[in-house]
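# Secondary and tertiary structure notes
Residue strings, one per chain:
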Amino acid sequence: MNQSTPGSMAAWLDGVRRSVSRVGWPVTDKDRAAAMISSLFLHIHPARVSRHVLKPTYTFALGLIAGILFLVLSVTGLALMLYYVPYPPEAYRSMKDLQFVVTFGIVLRNMHRWSAHAMVAIVFVHMCRVFWTGSYKPPREFNWVVGVLLLLLTLGLSFTGYLLPWDQLAFWAITVGTNIAAHAPVVGEQMKFLLLGGHVIGPMTLLRFYVLHCVILPLAMLLLVSLHVWRVRKDGLSGAATQASPEEEVAGVFPASTKTYGLMALSKRPRASVEARDPNDEVFAWPHLLYRELLVALAVIVALHVVSLVFMAPLEEMADPTRTPNPAKAPWYFLGLQELVHYSTLVGGVIVPAVLVLALLIIPYVDRDPKGSGRWFAPERRITNSIFTALVALFVGLTIVGTLFRGANWAWVWPWR
Amino acid sequence: MPSELPDPVRRSMFAIGCIAMGAATAGFLAATVRFFVPNVLYEPSRRFDIGAPSDFPPGGAATFLPDWRLYVFNGTDGFYAISSVCTHLGCNVRRGGPGFECPCHGSQFDESGQVVQGPAPDPLAWYALSLSPHAQLVVDLDQQVTPEFRLRA
Amino acid sequence: MGVAVEIKNTAPPRLHLAFAGLGLALLAIFSWMLLHEGTAEWRTTQARFRRLEATVKNPYQLAQSATVAGLRQIWLPDLGRVDRCRTCHLGIDDPAFTGASPPFAAHPGAWLSTHPTDRFGCTVCHDGQGQATDYVNAAHQPQPFVPRPMRPLETIEANCGTCHRALDPPAAPRLAEGRRLIIALGCISCHDIPGFEGLTFRGPALDSIGNKVRPGWLAVWLKDPKSYLPQSKMGNFRLSTDEIAGLQGFLLSQRLQEPLDSTGVDWKNADTANGRALFGELRCVSCHSINGRGGTMGPELTRIGDKVARDWLFSYLKDPHRVQPDTPMLQYRLTDNQLRDLTAYLLEEYSSAGDGSEPPSATYQDARLVSAGRAVFERRGCQSCHRLAAIKDAGRIGPSLAGVADRDPNEWPYGSNVVRHTTDNYIFLKVLLPDTLGQPSLMPTFGLTPADAAKITLALASIRKSDLPASYVLRRPAPAPYQPAGTFGELVTRYRCLSCHSVGGFGGDLSTVPLDRIGSQLQHDYTAKYLLNPGAVRVNVEARMPVFRMLPDEAKSIADYFSAVFLDDSLDQYDTNFTPSETRRGQELYEQLGCRACHQLGTQGGYVGPELSTTGVRLKPGWIAAWLSKPQAYKPDTLQPDYGLSSADARALTAYLSSLGRSDAAQARGENAP
């Protein structure tokens, strides 16, 4: 190749670039569509979306935020893994190292912790949004189930990560949490034994929690998130502006659109279409959807950084199995459970959570009436929404009580005193 | 605020956003790399006491310190320390006559560590010696010196 | 057929604004992060140090590295510690920074030459959170979630004690005194204290207490021992009247099985003047004090007449080991009449009642009172200090103090005391005022001064939970018990030599001369004569050896044993053929060196050291020469100076001193016969 002329140099570089990203920076509409569907990462999105999808109040981008948080957690977690030692008491020492001698160690650790708490909250709110918009109705029942599993995975990830600092807060929170779980009939004690790697929380426990937290649960999460997003693409977003009638959908007829996308014409068409009925309602995902997603990501990252630079993640003194702090509290998302356990161990610790999870899982197979799906607080679903909201409020209330209103010996305290 | 900003303004906003985000991203990448650089080492110190000057008798026979792989000499014009790590593949060199020789692949060095013969590519390292405030000899493995180095103590 | 309608591919303006804003925000955050790192406290401190270094002469730092930059860590895997204090305390190792302003000042004193930072770090002595790199987090002041913040300097000796386990660690006088008090006050009787294993403290056995004491005295004593004897080691158990009555009943029912020896004594003819003479002759004040003057090994006798019953005292003086088996008091050889006179004298002279009359002997028959008293005796753990055959040994009544310094200070009650909740404060309060901590306590009030309580606190605060690697610990050498057998052994037991003297570190410390090499120090005949009539070799000592009234055979036995067993071969090889010129030279040296300033010779000289007129018949030459050459080798704190004598000079002085007090002294000096 002749490298002496600048033109051929540019051409050569262009060739290198084209081998990596097969579509260049899109300038035509065709390019915009191609850019989406020919990219590994971007082809999660369709080439075109309904304009109404871009409204923030559509879904508040909660799922996206949860995904972004997961990404942040993975990156920060990976970085932290270079310094953290999963063996007590080195674990505590390495936490102190992160705080004092690792450049930007404080920020990264804080970010990891606050993103974790945020993710649990966001995932919960996302679930509420999905319920309130009735987006678990057919054909999305299974995706809801996957979502519940993801919620449990999120809680599991947060719980396993909670032990890793090996301070008093971590040790006793996990003591409380595993003891609540141990109350499950028949399998409870065995589950606790497996989780702890023994009878007491010690080095084997830390190792198990570490592997669960860094490898097993994240892999499961990746798998299920992929499935979850895949089903979103295939089932379509529930809240399109206008929807095809069920007959139309079954017939696979889309009166306003005759566009085909090659092989996609052969696959089962999405029912409530992501694509709009009216082509005038369509916009290309590049740049409209992507730009908004980028802004959401930026906003999340900026917010996380601010919080991480202002608020220090807690680190108490090193775990001491002989000294129990009073009160010993589970992580905040389990405090509602701990409050219930205070009233009755079996009912509060085992029956209620089991019933709740089971209920969540079978909701979409019980309530199959498609009416009201896709709209916020649809009047048809007033009763269903009210019941759900009441339960959510109760659970949140119990969590608040457990967090703020309980002091030593689990006695009632007024938090402002 | 008008629903439509003039194009130049809009474009410059976008440009600002791009440049800022690009700069911040580059910065964060650099910060990540810096994060990976350890600031403290969990290793024995690279600067350590090896004893009082009186622990090293004068003369041509050097004192070998196996823990630190050093030959310490108390010569007529002062103290000096030569590493015993052969520059070929890292074996400990032995004294051979006035110089050193390596038993592993036969490298030979003269009395100041220069390579005389053999596969070793570089001369033996010389390390800085100093006297601590408590009158102990201190070796600094992070400071290499030339064979002219002597510590008078 | 749909036509691709032109769709605006422009985003609404607010999105671009948001993009610009967020991008700038991200940039700002990054800058904030950089600033946050760049202005870390340790960095600014090091910058200040670099400026200071330029003004200091010959700093070690400059000779070593071009600039001071970066975190400095001392990693001690044996101790499980990581100390980063030197990141800011940059001049700590370098005497060039003596007197610099903190935190750059060099460490005061010579501590770092014996405890170099590379081997010990900083937090071993000072506590604090060594892993931190800023002032607040290093716990220079108490800090949340830091169990051991930095120690105030006045309590730092407690940390010396974690490695230095000997009872008298060097350069830690308050710690040493605290450890001594723990033994002297009998803490070890009620508490199992690590570091004090094998040591015992005992109050007197109480098997004959019913015979021994007057009932009125017992009530006074039980209410507050210090009201009878201010320097009593027994604490105030804060007993109620009922408890005292019960204990009285119980104790007074403890009487000897065999009758006392005082039947048939003719008390009417007791000669108290003879008793007084005996009292002086027997040198009782070597061990007992009167009005605060005298020895402290035995009880004070100022008001002994108020305390003991006459018959018991007679029997005790006659055979102390039968009446009170574990007593350190020796058995004198006295006749019954002498014992009678002595007893009468003591009771008359040393009582406040004055008339020495004997109250009627009271016996307590109230079984309920006796059993109530027994319950009190057991509940308050009296048997921890006082053996009583009637009570089976139930072990130590107090809790073990293992790891006491590492207990959670928030677990303990502080009562109404307004103090910061720290382990040190709790221990201090408990030792000083055990009954003020808000819950009933079995521990007696010892009436300590706050200074003494502080010293005991230092000693206890050095008892940590986890053990250190052996390379860091200096243990207390355990003296092997010494129990000679045979005739010598019987004599040692009868005359209680080991109450005052020690062999191999075992025994009493009233005499500062251990007996281990006494046979090579003293001449045989002198020893035998001395034991029969212990004279004063030193003028100004208060504790003198008592006059045992030994039999001459006994004295000779002891002297024989000394000369055969308690030897030091290095002293016995000395050539004792002195020439007259050596002796004369020795005499010159005696004048030159000014020995007269401290030693008496004839009627002249000072009172600091022993008199030397009889040296020739008292000491062996080998010992004299060795002592003169290097006194501190035998007695590290002696006042005898080390003159750096050559062996010839030492020999000359030895020759001279060996000539003193001998009948052929003049001849030895080479003078003409008088």
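On to the sheet that holds strand S3 (residues 70-75) of chain B. Residues and elements named next belong to chain B. Strand order in the open sheet formed by six strands is S1-S10-S9-S4-S3-S2, with antiparallel pairing between adjacent strands. Only two strands of the sheet have a single partner each, and these edge strands are strand S1 (47-51) and strand S2 (59-65). When the angles between neighbouring strand axes are averaged without regard to direction, this sheet yields 35 degrees. Two elements, S2 and S3, share four bridges in a ladder whose sense is antiparallel. Within S3, the position partnered with phenylalanine 64 by the bridge is tyrosine 71.

Residue and element names in this part refer to chain B. Topologically, phenylalanine 109 is positioned in strand S7 (residues 108-109). Residue classification places phenylalanine 109 among the buried residues on the basis of a relative accessible area of 3%. The spatial distance from the C-alpha of phenylalanine 109 to the C-alpha of glycine 96 is 8.5 Å, given a sequence separation of 13 residues.

Residues and elements named next belong to chain C. For phenylalanine 506, the position within the fold is in strand S6 (residues 506-507). Exposure remark for phenylalanine 506: the relative accessible area of 27% places this residue in the partly exposed category. Setting aside chain neighbours within four positions, we find phenylalanine 506 in contact with Pro479, Ala480, Pro481, Tyr482, Leu498 and His501.

Moving on, we get to the packing of aromatic side chains. What characterises a pair of aromatic rings is the spacing of the ring centres plus the angle enclosed by the ring planes. As enumerated under the stated definition, the model contains 60 aromatic pairs over all chains in all. Pairing phenylalanine 405 of chain A with tryptophan 416 of chain A gives two aromatic rings, centres 6.5 Å apart and planes at 90 degrees, and the pair type is edge-to-face. Of this pair, phenylalanine 405 of chain A sits in the segment after helix H15 (382-404) while tryptophan 416 of chain A sits in the segment after H15; the two residues are 11 residues apart in sequence, bridging distant segments of the chain. Assessed through its relative accessible area of 62%, tryptophan 416 of chain A is described here as exposed. One aromatic cluster is present, built from ring pairs that chain together Phe60, Phe131, Trp132, Tyr136, Trp144, Trp376, Phe377 and Phe388 of chain A. It is arginine 119 of chain C that lies over the ring of tyrosine 472 of chain C; its NZ or CZ is 4.7 Å from the centre.

On the chain A side, the residues contacting the 12 residues of chain B number 17 residues. Three residues stand out in chain B for area buried against chain A, namely Met21, Phe35 and Tyr42 of chain B, and they jointly supply 50% of the buried area on that side. On inspection of chain B and its partner chain A, the count reaches zero salt bridges. Summed over the shared surface of chain B and chain A, the result is seven residue pairs in polar contact (both at pLDDT 80 or more). When the residues that make up the side of chain B that touches chain A are grouped by side-chain class, the tally is 10 nonpolar, one polar and one charged.

On to the sheet that holds S7 of chain B, then. Residue and element names in this part refer to chain B. As summarised here, the arrangement of the four strands in space is S5-S6-S7-S8, forming an open sheet in which the pairing is antiparallel. Edge strands, defined here as strands with exactly one partner in the open sheet, are strand S5 (94-96) and strand S8 (115-117). Where S7 meets S8, two bridges bridge the pair, whose relative direction is antiparallel. Bridge pairing in S8 links phenylalanine 109 to valine 115.

Conventions adopted
Residues numbered from 1 in each chain as written. Chains lettered and ligands numbered in written order. Predicted model: local features only at pLDDT ≥ 70, side-chain atom pairs only at ≥ 80, totals over all residues. Heavy atoms only, no water. Pairing = 2+ DSSP bridges. Helix = DSSP H or I, 4+ residues; strand = E, 2+ residues; numbered from the N terminus. Axes fitted to C-alpha atoms, helices over the stretch in contact; angles between N-to-C directions. Buried < 20%, exposed > 50% of the residue type's maximum accessible area, 1.4 Å probe, protein only. Contact = heavy atoms within 4.5 Å. Phe/Tyr/Trp six-rings, centres within 6.5 Å; stacked < 30°, edge-to-face > 60°. Lys NZ or Arg CZ within 6 Å of the ring centre and 35° of its normal. Buried area = accessible area lost by both parts, 1.4 Å probe. Salt bridge = Lys/Arg side-chain N within 4 Å of Asp/Glu carboxyl O. Polar contact = N/O pair within 3.5 Å; in protein donor to acceptor, adjacent residues only side chain to side chain. Nonpolar A, V, L, I, M, F, W, Y, C, P; charged D, E, K, R; others polar.

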